[in-house]
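Report on the structure
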Amino acid sequence: MEKILNYINGELVPPASGQWLDNYNPAIGKVYSQIPDSDSKDIENAVLAAKNAFPAWSTMPLGERSNILLKIAEGVDREFESLAKAESDDNGKPVKLAKAVDIPRASANMRFFATAILHFESQAHQTDQQAINYTTRSPLGVVGCISPWNLPLYLFTWKIAPALAAGCTVVAKPSELTPMTAYLFSKICKEAGLPAGVLNIVHGLGSKAGQAIIEHPEVVAISFTGGTTTGKTIAATAAPMFKKLSLELGGKNPNIIFSDCDFDEAVSTSVISSFSNQGEICLCGSRILVERSIYDRFVEAFITKVKKLVVGDPADDNTRVGALVSEGHMNKVLSYIELAKEEGGKVMTGGERVIVKGRCEDGYFVAPTVILGLDQQCRTNQEEIFGPVVTIMPFDKEGEVIEFANSTAYGLSATIWTENLKRAHRVAHQLKSGIVWVNCWLLRDLRTPFGGMKQSGVGREGGWEALRFFTEQKNICIKL
Ligand code: NDP
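Small disclaimer: the values here were computed from a predicted structure and weren't measured.

With respect to unusual backbone geometry
- Despite not being glycine, F386 shows a phi value in the positive range, around 60°.
- Following the sequence through the fold, F386 ends up in the loop between α12 (379-382) and β19 (389-395).
- Look at N439: it is not a glycine, yet its phi comes out positive at around 60°.
- Considering the arrangement of structural elements, one finds N439 in the loop between β22 (435-438) and β23 (453-454).
- Since its relative accessible area comes to 27%, N439 is described here as partly exposed.

Shown next, in the form of structure tokens:
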């Protein structure tokens, strides 16, 4: 069985402990590879390598640093097919989706920051005729990047690309559930000539390898994407050590449909924004709020389309909904459906595990599920389910829907459907969400800041924000 290796100091190495963990393909419900069960010893080796690599990497001329990162992007493009397959084998998502979204975006992340760093600026301020101030920005040092399982290579590169471009050296841990693309990525880095120790990828459990990164005194900043509960644990460890922190956490995103929307477009895109990647995207809309005058029509059109979504083998081109990432996660999603029923919800379609015939009969599939009849405050509408489950609720007034939308502890993203421009601006400004899409979903410009409000996160990633995060400022004041 294939053994995934750590990437430390430029070499692919087994874990110091000699211990391994099983890596499941969730679509077939079977172990298909093993990953290092790394511990603090591996993290120590990785941090030492990153520390030794920092002086040369942080002072390398920007053009050279940029070229190496561009070569990595070319490597991702070259390995497109194998990365897309690995992404699907690890995560259960349709290969077609990995080809359309995950892998192109991973390459775009590398390219974006490889070129952005060439144009990064700092500022100068003249204080009347008395002094001139100029501000420098220098890379922080060794940083930790920890990423989740839902968009494995996409979010992994979203973190490490700005860190590397800014001149930091990195110790990174992908989710234990989806390690394969990061492993293939480490081979690409080797081939691209990334100097030893600049990027170190250590596989293993969050509670062991991940926690060792957070606790290590030489790791000066943490960029983390994952659940809100894990984010709290990380902050509790890192904040008293005065580490710089970027936390991208969970969401419970509202999708608001006004009666003056482009109806067909709102229905079609809402199906995608609810069930893409099996609903396992932090930006999926899981609460659909529909103006009462079109509520019945919307519900009918939406459910008709949802019933046509093909749940099946992720390798099949017709599949729209693949497997959930693990048996544990599938059971969590199913338990939320039971909770919704206890809370008085009516399951209109889905609501159960799907057995896919053939090689996937032991896979972890759940039918796209639509639930009506719940109130805003029930747990189903307040807690993140992170699966193919949406609720639909009617509203009467603009003020009321804003209150509903803002009623959870989260504030990651929101979508508004309306043809009324003034209303679009008015509502968007009042939503407590880090990103608001109007008449679209998941359209991303990598230059824009990205991040959540409230318990969806602290700090902003993307564009200049990410390069600023991985650098520290110094102001030099010279008397004239
Ligand atoms: P988790 O919080 O469980 O894990 C995220 C990462 O943190 C994993 O690599 C995990 O390792 C690691 N980890 C767990 N415990 C610790 C610890 N004590 N110290 C350090 N690292 C640790 O999230 P999931 O992987 O389950 O991802 C799903 C969550 O991510 C959802 O809540 C989703 O909303 C959120 N998310 C947010 C996004 C955003 O941009 N805001 C984007 C995508 C997802 P291991 O897997 O081994 O436990």
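A word on the sheet that holds β22
- Taken in spatial order, the seven strands of this open sheet run β15-β18-β19-β14-β13-β21-β22, and their pairing is mixed. Of all the strands in the sheet, the pair left with one neighbour each is β15 (346-349) and β22. With strand direction ignored, the average angle separating the axes of adjacent strands in the sheet is 25°.
- Pairing of strand β18 (residues 369-372) with β19, which is carried by four bridges, proceeds in the parallel orientation. From the neighbouring strand, L372 faces β19, where its bridge partner is I392.
- Where helix α14 (residues 421-430) meets the sheet, its contacts fall on β14 (285-291), β21 (413-417) and β22, and the angle it forms with β21 comes to roughly 160°.

Some words on the pairing of β14
- Taken across its seven residues, β14 has seven buried, putting it largely inside the fold.
- Judged from the five bridges that link them, strand β13 (residues 253-257) and β14 form a sheet pairing that is parallel. Looking at the pairing, N253 lines up with G285 of β14.
- Handedness of the β-α-β unit built from β13, helix α9 (residues 263-275) and β14 comes out right-handed.
- The pairing of β14 with β19 spans five bridges and is classified as parallel. Bridge pairing in β19 places I288 opposite I392.

What counts as what
Residues numbered from 1 in each chain as written. Predicted model: local features only at pLDDT ≥ 70, side-chain atom pairs only at ≥ 80, totals over all residues. Heavy atoms only, no water. Helix = DSSP H or I, 4+ residues; strand = E, 2+ residues; numbered from the N terminus. Buried < 20%, exposed > 50% of the residue type's maximum accessible area, 1.4 Å probe, protein only. Pairing = 2+ DSSP bridges. Axes fitted to C-alpha atoms, helices over the stretch in contact; angles between N-to-C directions. Contact = heavy atoms within 4.5 Å. Right-handed = clockwise from strand over helix to strand, strands pointing away.

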